[in-house]
Amino acid sequence: MSPTDPRHRDTVAAPPAPRLAGLWVTLVYALATLALGYPALGGGFLVNPMSDQYGGFAYREFAATMLQEGHGFPQWNPYILGGLPYMAAQHGDIFYPTFILRALIPPDAAMTWGFLIHLFLAGLFTYGFLRAWQFRFYPALTGGLAYMLSGQVASLVSPGHDGKMYVSALAPLLLWMIVRAVRDGKVWAYAVIALATGLSVLSPHYQMTYYLGVLAGGFTLWLAFRGEPRLDRRAVILRLAGALGAAALGMALGAVQFAPFFEYLPYASRGVERGWEYATSYSHPPEELLNAYLPQFTGYLEHYSGRNLIKLHSDYLGATVLMLAGAAFGSASRRRLVWFWSIAGVLVLLVALGGHTPFYRLWYQLPMMSVVRAPSMIYYLLSLTAAVLSAVGLERILAGEKHRRYFLGWIAFGVLMALLASSGALTSLAETFADPRLAGVPAENRANLIVGAWRSLLFVALLAGAIILWDAGKFPMRALVIAVPLLVGADLWSVARAYFRFSPPAEELYASDPALDYLRARSDSGRVVALPISGDGMAHRDPLLGGDALMIHRIRATTGHQGNELQRWVELAQNKSPAPPQTLGSPQWRRLTNTRYWLTNAPLPEVIPELNARLALRVGPVTNALGSTAYVYEFLEDNPPAWVTPAYVEAPPDAVYNTVLDPRFDIGRAALFDSSEKVTGAQLSALPEPTGIVAAVERPHHEQIVVRLGAPAPAGSALVVSENWYPGWTATIDGSAAPVARADYSFIGVPLPEGAREIRLSFEEPAYAMGKAITLAALAVCVLIVVAGVVTERRRRA
């Protein structure tokens, strides 16, 4: 359309925002959210067997119960992997505001609505960010839909990545507040920058937060030096200093979460550098960029055939969104904005491609990038880029700045893709890149690919047709500005809905059964190995058979899928987590770990035949709440939760490790303390005989262990408790303070004075008090900044 065309004046004066625009946009995003999450209204639990929350629910339920019972935030988790610190090991969103929701309503409902609320906020904050750039109502509304329903945001409910969802929702809020602070000079906005930063840290997904921080830093610098209106030197210095201070304040807000975590890193299984191969694993395969337009190309969920093997989320940006975003290029009024987001999008894409391009060698040099993996996580910022550019594109279209040839070109492209899919050419291409283990999947996915290609064409044709008809004067402007967000929303919804899979409420999903009842009654006396040994892969996804959901029933397990357990525990299990059957076959490992029971899904195991004589069936077969068959076997051996040794010695960690796993060594005859501990052991020429003292263990609380000895301890003896040692464990012996150290490679050791009878152990996270104090102080500063900013603004207006 020519700017001289009479209709151009009408497009410049495009429909203004409706009355009560804020309520309308809230309603639209709420309806978009419920169009995907409506089963939540009937009590559905937004979780599926492949979701991290399938087992991760247990962590949230545990913390919610502790809060509801008035115990505060849990600091120790004794129920999986031999025990590990709850805060430091990062059991999810412990301090993120969603914990309040879990304290008020059932945890499964809280987790479901936590996802849905943040999906809604992702749209609302994007809308606010775009409106801060003076975008008109309809382009901003469309941009919000384009982001919140994009594959990288909406589909996060499928793998259960709540931390990623939180950071994705906070990203546009952070950028919005940077605009208000750096460009507009709003003092109160610096406090919201700090709050958004702090919440990202509390999510607690540090890798996603890291990516957001890099983008936010670049955006701040661009806004200060190249944004409009141009700032004078003094304003640039002051506002950049304010932004830097706000970022630091935001990090301080997250101290309650990251202070324990950073203290934990030297002890954690993920706290070590793993090299280039690990860091570039789960890079975004270049051929899968086609999924941004045609998500069925490599298939999704059960039909995925790409090179990343495990892919439970979507990369779909939207055919309609891509068409609108492409219309942004050539904008005169938004030239600088388009340049910034274009450059940012290219850099984001290069990072997402990871090891597939040389660029990642540079990125790999940044701090912490060598200890994390899956660079494709940054793709969510490409979704935000597409959303912003789609708003620019729609603005240009409504201003008549885009010729109909552009839209006809998109229709032609859509037809070409549909024909290539129908002919089998795209299926053949997908087979070329398919993982060898998924070689047959592309052929099985062919029908979906064909339908998907015609689906994308349909939405492109509908949107392009509406614009072309409006350009010809045959479609009213008001109808067009309603049709565009409707088509964008429907396009994205038609793909995202496949990822919203609900389950029954948690009380049904994880209900008890005779096997669990038996184990719960005996949990204090011994741990259980929850390890299925037959059936397909889904048997191993059953959290009642895999360890995590046993927490719900307060059953202690040697197994679990926490992902950040203590490195020494992992090493004792032959560097695997959960412990493999080979480790289970070691009597030394079973004795050290207080393993007394085996929860499995098959009759008398044949995996390790030599164990058959050591096992007795106690329960089974029974069917658990998830439909799996369950058996409980008991090991016919004495694997106590604590024992008293007549002596203790010091040795280097490697020597301790090799000795305690040697079947010739009787762990009841000497406790082996790390030479790094402040413990002075005896010099032994031969191992003394066991004491024979029975150590009775009680667990009055999840952070307390009480051991009562059946006879007074002899001089030079030591107590070993089969619970992982970590700084924060303290002890009293008969009421007097006593030292605690790491013994037998990973466990709690207490040197005993002569005559000792009662040992009380308690755990308190060392960095929690400091982190909490910093967080509360930072929160108070944020409140003061908001108050000061509001007062200052009112005085200026007056």
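Here the residue index of a chain counts from 1 through its sequence in written order. For this predicted model, a pLDDT threshold of at least 70 governs which residues receive local features, and a threshold of 80 or more governs which side-chain atom pairs are given and counted, while totals over whole chains, interfaces and linings are taken from all residues. Think of the side-chain values as coming from all heavy atoms in the structure, minus any hydrogens and water.

Asker: In this structure, what is going on with the sheet that holds strand β13 (residues 729-733)? I would like to understand it.
Answerer: What holds strands together in a sheet is hydrogen bonding between their backbones, with the strands either parallel or antiparallel. Between any two strands, at least two bridges found by DSSP are needed for them to pair. Put simply, DSSP H or I for four residues or longer makes a helix, DSSP E for two residues or longer makes a strand, and each gets a number counted from the N terminus. Taking strand neighbours across the sheet as the criterion, the five strands line up as β10-β11-β17-β13-β14 in an open arrangement whose pairing is antiparallel. Each of the sheet's edge strands pairs with one partner strand only, and the pair in question is β10 (695-701) and β14 (736-738). If you compare each strand with its neighbour and ignore which way they point, the axes differ by 25° on average. As paired strands, β10 and strand β11 (residues 704-709) are joined by five bridges and run antiparallel to one another. Within β11, the position partnered with Ala 696 by the bridge is Arg 708. Axes, fitted as lines to C-alpha atoms, cover a helix only where it is in contact. Angles between the N-to-C directions of the axes lie from 0 to 180 degrees.

Asker: How do you make sense of the environment of Phe 135 when you look at a structure like this?
Answerer: Tracing the chain through its elements places Phe 135 in the loop between α5 (107-132) and α6 (137-148). Residue Phe 135 is classed as buried on the basis of its relative accessible area, which comes to 2%. Considering only alpha carbons, one finds Phe 135 and Glu 395, 260 residues apart in sequence, at a separation of 7.7 Å. Burial status follows relative accessibility: with a 1.4 Å probe on protein chains alone, a residue under 20% of its type maximum counts as buried, one over 50% as exposed, and anything between as partly exposed.

Asker: What am I meant to see in helix α15 (residues 335-353) here?
Answerer: Turn by turn, an α-helix covers 3.6 residues, leaving residues three or four places apart pointing in a common direction. In this model, α15 (19 residues) spans 27 Å end to end at C-alpha, consistent with the 27 Å of a helix rising 1.5 Å per residue. Here, two residues are considered to be in contact whenever any of their heavy atoms come within 4.5 Å of each other. Close packing links the buried residues of α15 with α5, α8 (162-183), α10 (206-226), α16 (359-363) and α17 (379-398). Remark: Gly 354 follows α15 within two positions and exhibits a positive phi of approximately 55°. In a helix, the anticipated span is given by 1.5 Å times the number of residues less one.

Asker: Explanation requested: the confidence of the model for the protein chain in the structure shown.
Answerer: Do not read the predicted coordinates in detail wherever pLDDT is low. The share of residues in the protein chain with pLDDT of 70 or more is 96%, and the mean pLDDT across the chain is 91. Low pLDDT, under 50, characterises residues 1-13; the predicted model gives this stretch 24 contacts beyond four residues in sequence or across chains. Residue-level confidence of the predictor is what pLDDT reports, using numbers from 0 through 100.

Asker: Where do I start with the layout of surface pockets in this structure?
Answerer: Think of a ball as big as a water molecule: rolled over the atoms, this probe shows where empty space is left. A cavity here means a set of 1 Å grid points, computed over protein atoms only, where a 1.4 Å probe fits but cannot escape. A pocket is an open set with protein on both sides within 12 Å along at least 5 of 7 lines, and lining residues have an atom within 4 Å of a point. Grid points are joined across faces, edges and corners, and a volume is the space filled by probe spheres set on the points. One number sums up the size of the second largest pocket: a volume of about 460 Å³. Around the second largest pocket sit 19 residues that line it, and Val 28, Leu 141, Leu 145, Pro 485 and Leu 486 are the ones nearest its centre. Elements with a contribution of two residues or more to the lining of the second largest pocket: α2 (21-37), α6 and α22 (477-496). Examining the composition of the lining of the second largest pocket, we find that seven residues originate from one element, α22, more than from any other. In the lining of the second largest pocket, the residues fall into 18 nonpolar, one polar and no charged. Gly is placed with the polar residues, together with every amino acid not listed as nonpolar (Ala, Val, Leu, Ile, Met, Phe, Trp, Tyr, Cys and Pro) or charged (Asp, Glu, Lys and Arg).

Asker: Before we go on, may I ask you to explain the pairing of strand β12 (residues 718-724) in this structure?
Answerer: The two faces of the sheet receive side chains in turn, since in a regular strand these alternate between them. Among the seven residues in β12, seven count as buried, and that is most of the element. Of the two faces of β12, the one holding Ala 718, Val 720, Ser 722 and Asn 724 and the one holding Leu 719, Val 721 and Glu 723 are both buried throughout. Relative to strand β16 (residues 747-751), β12 is paired through five bridges, and the arrangement is antiparallel. Across the sheet, Leu 719 pairs through a bridge with Val 750, a residue of β16.

Asker: Help me out: how do you make sense of α10 in this one?
Answerer: A rise of 1.5 Å per residue sets the reference length of α10, with its 21 residues, at 30 Å; its end C-alpha atoms lie 29 Å apart and thus fit the reference within 8%. Every buried residue of α10 is listed here: Gln 207, Met 208, Thr 209, Tyr 211, Leu 212, Leu 215, Ala 216, Phe 219, Thr 220, Trp 222, Leu 223 and Ala 224.

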